[in-house]
Every structure is written in structure tokens, then in C-alpha cells.
Amino acid sequence: MGCRATVRELVVGEAGVGMFADGRPMAEVLAELEALHAGDEPGRGRPGVANTFDSGSASVEQVAVRAFDLYLHVNGLYPTSFPSVATLEHQVVAAVGEMVHAPPGAAGSWTSGGTESCLLAAKAARDARPDIEHPEIVFARSAHAAWAKAAKYFGLEPVIVDIDPVRMTAEVDAVERAITDRTVLVVVSAPSYGHGVVDPIPEIATICARLGVRCHVDACIGGWVLPFAEQLGRPVPDWDFRVPGVDSISVDLHKYGYAPKGCSIVLYRTAAMRRTQYFVASDWTGYPVVNSTMQSSKSGGLIAAAWAVLRHIGADGYRALVTRTLDATRELVDGIAEIDGLRVLGTPATSLVAVTTDGVDFFPFLDELERLGWAVQPQLSQTGIPPTIHLTMTATHGPHVADLLGALRAAVLAARARGPLPTAEQLRFVDELAAQAASDAGVSADGLTELMVKAGLLTDGRMAPVHALLDTLPPQLRENVLLAFFEGLNPPL
Ligand SMILES: Cc1ncc(COP(=O)(O)O)c(C=O)c1O
């Protein structure tokens, strides 16, 4: 009791808040913004936690900024007022379609990101089957959380199937068994975010085609790597529209397309499949609304920037970026194989690598890595799947691989000499957390902060002990705690 720190103060410090009384000169405003931004992760350079994508080319950034500037006031809601937006969208959809071998008659849309593309593919599949009263969606535990979100938002029953514990891919038989006459969509990944592996897409798509169920390939993160990898003669499994039974595909350009955040493409084998994605309303007192996506008003700057980046880099530029990315990934994976105490899960198909410990406690290892200045992304354990660190390798990471391997080696050595995390002392707080969760108010941001301070967490900004504790919690309590924590970052006024 008596602790007045908030999650926000502990994690990001206390910024002054209040009404912006007097307007300030531009230079002052920008200086203020720069000062705030100084505490952020750099967003480029070494592989880190924030999964930002940097091509390493100044002109790629400049062309995006100039294009955004040009389209600053353009509203993507109105392709009739701004016909160039329709042109840009169509050209980007066509460019992505060409790379994923979309057949004649395929159709797609520009969306704000991977999650929106996934949500729309799910909505389109659901609304194509109004005859099914309680629709279901089938995906593996390795599918991105966007699919659980789609299920929740659109009232679909999620049917989650296990993955092969060695390959980390969806089990074909399990998927087949999960499909019922209420299934409106089956989702496979190319590759999965968590372990970077491609599901057995031809096998699953064949089953879907036989049973008359839509099959979506979530290639949000790998869809702009795999086509160029194939062109470069690297081994790539079958995954795109050339596979019979694949009905829709999502590809994010704000990842390996190196466009600024806010651009993904969702494509359907036929325009008829896309039709149920749209929302149309004219029976209200305002203007007739036709939305191809979830957003209505939307920044024209983002599609202009994505278009400009694509046009500027071109296929040859992407092949060069993918070469650097895959070479860096190979060097990392080969290096990890030499480190006693570490293991890569599955066989990374592109540039995503999940690493766990073998015979060494994972969270002390993570803590030591963080202490060495590598704040990489942890992935918590799931039933039968150990916790991992996740590395999204990009075109600029090659020069950092040797340093990273050195840090991984040192972190393993240091972790061997340490006791486990969470400590016995910290574990005592799990009961208190569970009691909070069971109370009428549930876990609150303030209550959580108080417990964290008592447990000696967050005071030095280190996140590994927090993740270690989270990892011990049952799923529901874990989610309650995460919710309270993030609510606390934007506290009530
Ligand atoms: C396979 C996959 N699907 C969906 C998403 C969600 O994308 P976004 O974060 O752009 O919404 C991601 C993000 O990494 C992903 O890897």
C-alpha cells in the first residue's frame, strides 16, 4: 500500500499533460517531438524488439516521405474525388498479384496492415456463407493472433489445431478433422510469425478444395520475401495461387516491402470472393458509404508512400534486399547451431528465427541478453512449446550477426551461473495476482503496479523478469495482467 507509481511512470516516465493552450512555433514543436522520440528504440540497425524494417537506403525513406507529403490531404475514402488513389491501389494490388501468381480475374484491396487484411479475409468468408448459422474458422496454434481477433470480432467459433512439435507447422490430419460443415475458412501461414515455418499448404488446400471450404494463406510477413527467394533459386515450398485450393492471400508491404507502417494487400482468387468484404450503406441521412475495408476515411499518404517505395525499389532491388536478408539469416542459424545450450525451433523458411535454450534456464538467458544491450522479442511458452526469442532478420542486419552471436554465447554462459527466473520471492506474487484477478474489480493497472514494485520488477527497466513471471501464469490471468499493464500506459485522466 501507499505506492503511488503508475505503470506509465515506471515504464515511460511522466510526461507533462494538459491542454495545448497556446500554439507553438514549428521549430519548438518539432524539438519537443524529437526529445520525446529520443527515448524510443532506434527502429533501425540491429535486430531488436520493435520489428521495424529498414532497407538501409536513404532514398527509400525519402521517396516515402515525399510521396506522403504529396498525398497529405488525400482521403482514400473518396476514389471518385481522388481518382489517382484508385489507380495507385489497383497498381499495387496488381504488382503483389503478379508476385503471388494471382490468376486472371483475381481481385484485391489495400488495407492498413496485416491484421486488417486477416480480419477482412475472415469477414468475406463468413459473409459468403449466410446459410451457416454458427460459423467456424480453423487455424493452427501457430497462426498469428490476428485470426483469434477476427474470430472474436466477427462472431466466428475458433477451432484451433495443434502443430507438429518438431516442424512447428500445422498438422494436416488435425486440420482435416477440425473441418465441419460449419467451417467458413481454413487459415495456413507462409510463414508463421512465431517460428518462421511454412505450413503444408498444398496438402491442406487440397482438402479444403475437396470439402468446398475457403483456404486463406497468411503471408503477411513472408509474402514479400518468398517470391524473390524463389526467383533467386532458393528453396521455397509451394504456397501461392499456383496451389489449387488457395483462395485468398495476405501480403504486408509495411514489412519486407519496406513501405511505412500502414500498408498491406489482401487478394482473392476471384472478384466474387472479394465482394463480401465490402460494406455499402445508403439508407442514412449522409453521403452513400462504400468501404472496401474496415476504415472509412483513410490516409492517401500511406498508399502513395507504399506505391512510391515499390516503384523505387523494383523487382531487382527486392531481390538484392532478400539476398542480404536470407544470407544474414543463414549466418545466424548456422552460428546458433554451434552454441551449446541454444536451439532453433523448426527450420526457418525465410528470415524469422525462434531460439530456445537447451539445458539452460530460458529467462536468466533472456535477462543476460538484455543486460548485454540486446532487447530482443520474447515469445512465452505454450503447451508443449518452450519459450523462445524471436528474431526478424532484415536486409540491414548482416553486419550485426557476429555481435549478436557473441552476445548469445555470453548470455548462455552467464545464465548457467545464475539461479532461475522468476525467483522464489517473485513467484509469491502470483497468488496475490490471482486473488486480484478473482476480485470483482479484476486486475487493475494500479494494483498491478503496486505488486510489481513490491516484487522488485520494472524498477531498472529490465523486462526479462516480467516476462519470466508472465510465463508462469495460466493463460487467462496472463491476459488479464497484460490488459491491465497496457491500460496503465494510457491511464484514466
Ligand atoms: C503471419 C502474420 N499475420 C498477421 C500479422 C499482423 O500484421 P500487422 O501487425 O501488420 O497487423 C503478422 C505480423 O507480424 C504476421 O506475421
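Right above here is the structure, for reference.
In this report, we go over the structure that sits alongside the text. Counting restarts for each chain: residues are numbered from 1 in the order of the written sequence. Thresholds applied to this predicted model are a pLDDT of at least 70 for local features of residues and 80 or more for the giving and counting of side-chain atom pairs; totals over whole chains, interfaces and linings are not thresholded and use all residues. Values reported for side chains reflect all heavy atoms of the structure, with hydrogen atoms and water molecules removed beforehand.

Note on conventions: DSSP H or I runs of at least 4 residues are helices, E runs of at least 2 residues are strands, and numbering of each starts at the N terminus. Each residue after the first adds 1.5 Å to the expected span of a helix. Between its first and last C-alpha, helix α14 (residues 424-438) extends 22 Å over 15 residues, near the 21 Å set by a 1.5 Å rise per residue. Think of it in three bands: with a 1.4 Å probe and only protein chains considered, a residue is buried below 20% of the maximum accessible area for its type, exposed above 50%, and partly exposed in between. Of all the residues in α14, the buried ones are Q426, F429, V430, L433 and Q436. The arc that holds every buried residue of α14, seen down its axis, measures 130°, which confines them to one face. When the buried face of α14 is taken as reference, the exposed residues oriented beyond 90 degrees from it are A424, D431 and A438. Whether two residues are in contact is decided by their heavy atoms: any pair within 4.5 Å suffices. Those residues of α14 hidden inside the fold are in contact with α15 (445-454), α16 (464-472) and α17 (475-489). As used here, the arc is the angular range of directions from the helix axis to the C-beta atoms.

Patch members must show over 30% relative accessible area and no salt bridge, and they are joined within 9 Å when carrying like charges or within 5 Å when they are nonpolar side chains of Val, Leu, Ile, Met, Phe, Trp or Tyr. All accessible areas in this document rest on Shrake-Rupley with a 1.4 Å probe, and a residue is counted as covered only by the protein chains that are shown. Any Lys or Arg side-chain nitrogen located within 4 Å of an Asp or Glu carboxyl oxygen qualifies as a salt bridge. On the surface, M26, L30, L33 and L36 cluster together into a nonpolar patch covering about 450 Å² of accessible area. Structurally, the position occupied by L36 is in helix α2 (residues 26-37).

Here we come to the pairing of strand β5 (residues 214-218). Most of β5 sits out of view: 5 of its 5 residues are buried. Residues of β5 alternate between two faces, with R214, H216 and D218 on one and C215 and V217 on the opposite face, all of them buried. At least two bridges found by DSSP between two strands is the condition for calling them paired. Looking at chain direction, β5 and strand β6 (residues 248-252) are connected through 3 bridges and run parallel. The residue of β6 that forms the bridge with V217 is I249. When the strands point away from the viewer and the path from the first strand over the helix to the second turns clockwise, the crossover is right-handed. Handedness of the β5-helix α9 (residues 226-231)-β6 crossover: right-handed.

Here we come to the site of the ligand. With respect to spatial proximity, the complete set of residues near the ligand consists of G113, G114, T115, H144, P191, Y193, D218, C220, I221, D252, H254 and K255. Throughout this description, a polar contact denotes any pair of N or O atoms lying within 3.5 Å of each other; where both atoms belong to protein, one of them has to be capable of donating a hydrogen while the other can accept it, and for residues adjacent in sequence the pair is counted only when both atoms sit in side chains. The separation between an oxygen atom of the ligand and a polar side-chain atom of D252 is 3.5 Å. For the ligand, an oxygen atom lies 3.0 Å from a polar atom in the side chain of K255. Burial of the ligand by the protein chains amounts to 85% of its free accessible area of 400 Å². Residue polarity is assigned by list, with Asp, Glu, Lys and Arg as charged and Ala, Val, Leu, Ile, Met, Phe, Trp, Tyr, Cys and Pro as nonpolar; anything else, Gly included, falls into the polar class. Its residues assigned to classes, the shell around the ligand comprises 4 nonpolar, 5 polar and 3 charged. We define proximity as follows: a residue is near a molecule or strand when any one of its heavy atoms falls within 4 Å of that partner.

Considering the arrangement of structural elements, one finds T449 in helix α15. Between the C-alpha atom of T449 and that of T388, which follows or precedes it by 61 residues, the distance is 26 Å.

With that settled, the discussion passes to the packing of helix α12 (residues 362-371) against α16. At their nearest, the axes of α12 and α16 sit 9 Å apart, and the two run at 160° to each other. Put simply, α12 runs roughly antiparallel to α16. With respect to the hand of their crossing, α12 and α16 are arranged in right-handed fashion. Only A464, P465, H467, A468 and D471 of α16 make contact with α12, whose side of the interface consists of F363, L366, D367 and E370. Of the residues belonging to the contact of α12 with α16, the class tally is 5 nonpolar, 1 polar and 3 charged. Simply put, an axis is a line fit to the C-alpha atoms, just over the touching stretch for a helix, and the angle between two N-to-C directions goes from 0 to 180 degrees. Each angle gets one of four labels, with under 35 degrees taken as roughly parallel, over 145 as roughly antiparallel, 65 to 115 as roughly perpendicular, and the rest as oblique. Crossing chirality is assigned from the near helix's rotation relative to the far helix, an anticlockwise turn below a right angle marking it left-handed and a clockwise turn marking it right-handed.

With that settled, consider the packing of aromatic side chains. Only rings of Phe, Tyr and Trp enter the pairing, Trp through its six-membered ring, and a pair is recorded when the two centres are within 6.5 Å. The plane angle decides the type: under 30 degrees is stacked, over 60 is edge-to-face, the rest tilted. The tally for this structure, following the rule as stated, stands at 11 aromatic pairs. Relative to F363, the ring of F362 lies with its centre 5.0 Å away and its plane at 90°, an arrangement referred to as edge-to-face. In terms of burial, F362 and F363 fall into one category: buried. Their ring planes at 65° and their centres at 5.6 Å tell us that F485 and F486 sit as a pair that is edge-to-face. Connected via pairs of aromatic rings, a cluster forms that spans F53, Y256 and Y258. Only when the NZ atom of a Lys or the CZ atom of an Arg is both within 6 Å of the ring centre and within 35 degrees of the ring normal do we say a charge sits over the ring. Sitting over the face of the ring of W110, K298 holds its NZ or CZ atom 4.7 Å from the ring centroid. Taking NZ or CZ as reference, R428 lies 5.6 Å from the ring centre of F429, over its face.

Turning our attention to helix α11 (residues 300-337). Helix length check: α11, at 38 residues, gives a terminal C-alpha distance of 46 Å against a target of 56 Å (1.5 Å per residue), a shortfall beyond 12%. Axes are fitted to the seven residues ending at a residue and to the seven starting at it; the angle between these axes is taken as the bend at that residue. G314 marks where α11 bends most, by close to 80°. N-cap assignment for α11: the residue whose side-chain oxygen lies 3.0 Å from the backbone N of G301 is S299.

Take the pattern of salt bridges next. For side chains of opposite charge, pairing can occur when their charged atoms come near one another. Applying the stated criterion to the full structure yields 21 salt bridges. A salt bridge links R330 to D334; its shortest N-O distance comes to 2.8 Å. Of this pair, R330 and D334 both sit in helix α11, separated by 4 residues, roughly a single helical turn. Here E425 ties to R428 by a salt bridge, and the two come within 3.2 Å at their closest N and O atoms. Linking E425 with R428, this pair stays in helix α14, spanning 3 residues, or about one helical turn. Each of D367, E368, R371, R418 and R462 takes part in salt bridges that share partners, so that together they form one network.

In space, the 7 strands of this open sheet follow the order β1-β7-β6-β5-β4-β2-β3, with mixed pairing throughout. In this open sheet, the two strands that pair with only one neighbour each are β1 (107-111) and β3 (157-161). Between one strand and the next, the sheet's axes are offset by a mean angle of 20°, whatever the strand orientation. Bridge analysis of β6 against strand β7 (residues 264-268) gives 5 bridges, and the strand direction is antiparallel. By the bridge assignment, S250 is partnered in β7 with V266.

Structurally, the position occupied by K255 is in the loop between β6 and β7. Within the local environment of K255, its side chain forms a polar contact with the side chain of D252, the two groups lying 2.3 Å apart. In this structure, K255 is in contact with F53, C220 and I221, ignoring residues within four places of it in sequence.

The next subject is the nonpolar core. Residues belong to one nonpolar core when they are buried, are Ala, Val, Leu, Ile, Met, Phe, Trp, Tyr or Cys, and are joined through side-chain atoms within 4.5 Å. Counting 74 residues, the largest nonpolar core has I201, V217, W224, W239, I249, L253 and Y318 as its most contacted members. Broken down by element, the residue count for this core peaks at 12 residues, all from α11. Two domains each provide a minimum of three residues to this core, namely domain 1 (68-310) and domain 2 (314-416). Where a domain begins and ends is set by an automatic assignment or by a domain database.

So, about the environment of P104. Counting through the fold element by element, P104 comes out in the loop between α4 (83-99) and β1. Each C-alpha atom of the pair P104 and V466 lies 51 Å from the other, and the pair is 362 residues apart in sequence.

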